[in-house]
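A closer look at the structure
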Amino acid sequence: MPVARVSPASYTGFLPHSSTSVRQARSQLAAALYERDVLGSLVDDAVLILSEFVTNSLRHARALDSGLIRIAWELTGEGLLRIEVTDGGGTTRPSTKPYSMSVSAHAGRGLEIVDRLADRWGSQREEGGDEYTVWAELAVRARHAGRRLRAGGSGAGSAAGTVTALPSAPPPPGAEPAAEVENRSPREPKVSADKPAGAVIHLLPPYPQR
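An account of the accompanying structure is given in this report. (Residues numbered from 1 in each chain as written. Predicted model: local features only at pLDDT ≥ 70, side-chain atom pairs only at ≥ 80, totals over all residues. Heavy atoms only, no water.)

Attention shifts here to the pattern of salt bridges. Pairing between side chains of opposite charge can happen when their charged atoms approach one another. Applying the stated criterion across every chain yields a total of six salt bridges. In this structure, Arg 36 and Glu 35 form a salt bridge, with 3.7 Å as the shortest nitrogen-oxygen distance. The exposure class of Arg 36 is partly exposed, given its relative accessible area of 22%. The exposed category is assigned to Glu 35, whose relative accessible area is 63%. A salt bridge links Glu 112 to Arg 116; its shortest N-O distance comes to 3.0 Å. One end of the pair, Glu 112, and the other, Arg 116, are both in helix α3 (residues 109–117), four residues apart, so they sit about a helical turn from each other. Salt bridges sharing common partners tie together Arg 82, Glu 84, Arg 120 and Glu 137. (Salt bridge = Lys/Arg side-chain N within 4 Å of Asp/Glu carboxyl O. Buried < 20%, exposed > 50% of the residue type's maximum accessible area, 1.4 Å probe, protein only. Helix = DSSP H or I, 4+ residues; strand = E, 2+ residues; numbered from the N terminus.)

As a further point, take the sheet that holds strand β4 (residues 120–125). Pairing within the open sheet is antiparallel, and its five strands lie in the order β1-β2-β3-β5-β4. Whereas interior strands pair on both sides, the edge strands pair on one side only; in this sheet they are β1 (9–16) and β4. For this sheet the average axis-to-axis angle between neighbouring strands, irrespective of direction, equals 15°. As judged from the eight bridges shared by strand β3 (residues 80–87) and strand β5 (residues 132–139), these two strands associate in the antiparallel manner. By the bridge assignment, Asp 87 is partnered in β5 with Tyr 132. Strand contacts of helix α2 (residues 40–60): β2 (68–75), β3, β4 and β5, with the helix running at about 15° to β3, the strand carrying the most contacts. (Pairing = 2+ DSSP bridges. Axes fitted to C-alpha atoms, helices over the stretch in contact; angles between N-to-C directions. Contact = heavy atoms within 4.5 Å.)

Positioned with a positive phi, Asp 37 is a non-glycine residue whose angle comes to about 65°. If you trace the backbone, Asp 37 turns up in the loop between α1 (20–35) and α2.

A few words now on the side chain of Glu 137. Looking at the secondary structure, you find Glu 137 in strand β5. Look at Glu 137 and you get buried, because its relative accessible area is 12%. At a separation of 2.5 Å, a polar atom in the side chain of Glu 137 contacts the side chain of Arg 120. What Glu 137 contacts, discounting residues up to four positions off in sequence, is Leu 80, Leu 81, Arg 82, Ala 118, Asp 119 and Arg 120. (Polar contact = N/O pair within 3.5 Å; in protein donor to acceptor, adjacent residues only side chain to side chain.)

Inspection of the entire model under this criterion finds one aromatic pair. Relative to Trp 73, the ring of Tyr 11 has its centre 4.5 Å away and its plane inclined at 25°; by these criteria the two rings are stacked. Note that Tyr 11 is positioned in strand β1 and Trp 73 in strand β2, a separation of 62 residues in sequence. A relative accessible area of 27% places Tyr 11 in the partly exposed class. Given a relative accessible area of 6%, Trp 73 falls into the buried group. (Phe/Tyr/Trp six-rings, centres within 6.5 Å; stacked < 30°, edge-to-face > 60°.)

For the pair α1 and α2, the least separation of the axes is 9 Å and the interaxial angle reads 155°. The angle between the axes of α1 and α2 places the two elements in the roughly antiparallel class. You can see that α1 and α2 cross each other, and the crossing is right-handed. On α2, the residues that touch Ser 21, Val 22, Ala 25, Arg 26, Leu 29, Ala 30, Leu 33 and Tyr 34 of α1 are Gly 40, Val 43, Asp 44, Ala 46, Val 47, Leu 50, Ser 51, Val 54, Thr 55 and Leu 58. Of the residues assigned to the contact of α1 with α2, the class counts are twelve nonpolar, four polar and two charged. (Parallel < 35°, antiparallel > 145°, perpendicular 65-115°, else oblique. Left-handed = near helix turned anticlockwise from the far one by under 90°. Nonpolar A, V, L, I, M, F, W, Y, C, P; charged D, E, K, R; others polar.)

And the structure:
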């Protein structure tokens, strides 16, 4: 399916290293994507990925030296969304693909969700060694991509934008076809199809001549 272009956008902000930041980060990203008419199901995926990143940071990592965590995302005009969460790092680093969790496991379940929703994701150590960033990328498209495709395409057997008229009812017996009426001059006398022009039709037999 063709990907409809979206308006590019980027954002970088800092949020407290507390549970209140999860909801704030989710609402900010959702508002930005809906404003750019991104498909609703893809907005849900992106918001869930960011939510899991922030939650993972709060549970397993330290804050930055400022006591905050950094949230960033960038949406290109081609529909590639990159989400990043940066913190002060922890004792462990997230494991990337292949990623498999047992049914009974609780810890790490959020990153398994990220692994299933994102096209690519990973983590990296920033320069200086005191900051770690976890990131994910996924392709998004505009909400009305399918509708635009259908509007711009052509229907079977007819050109786009062409309206096929229904056949008209046949004229009653003895009525003159509309095409003949339109093509004839208003002053032109009607000519019978069975008789030549100027023919005399005898209604009564002539009197016998004496």
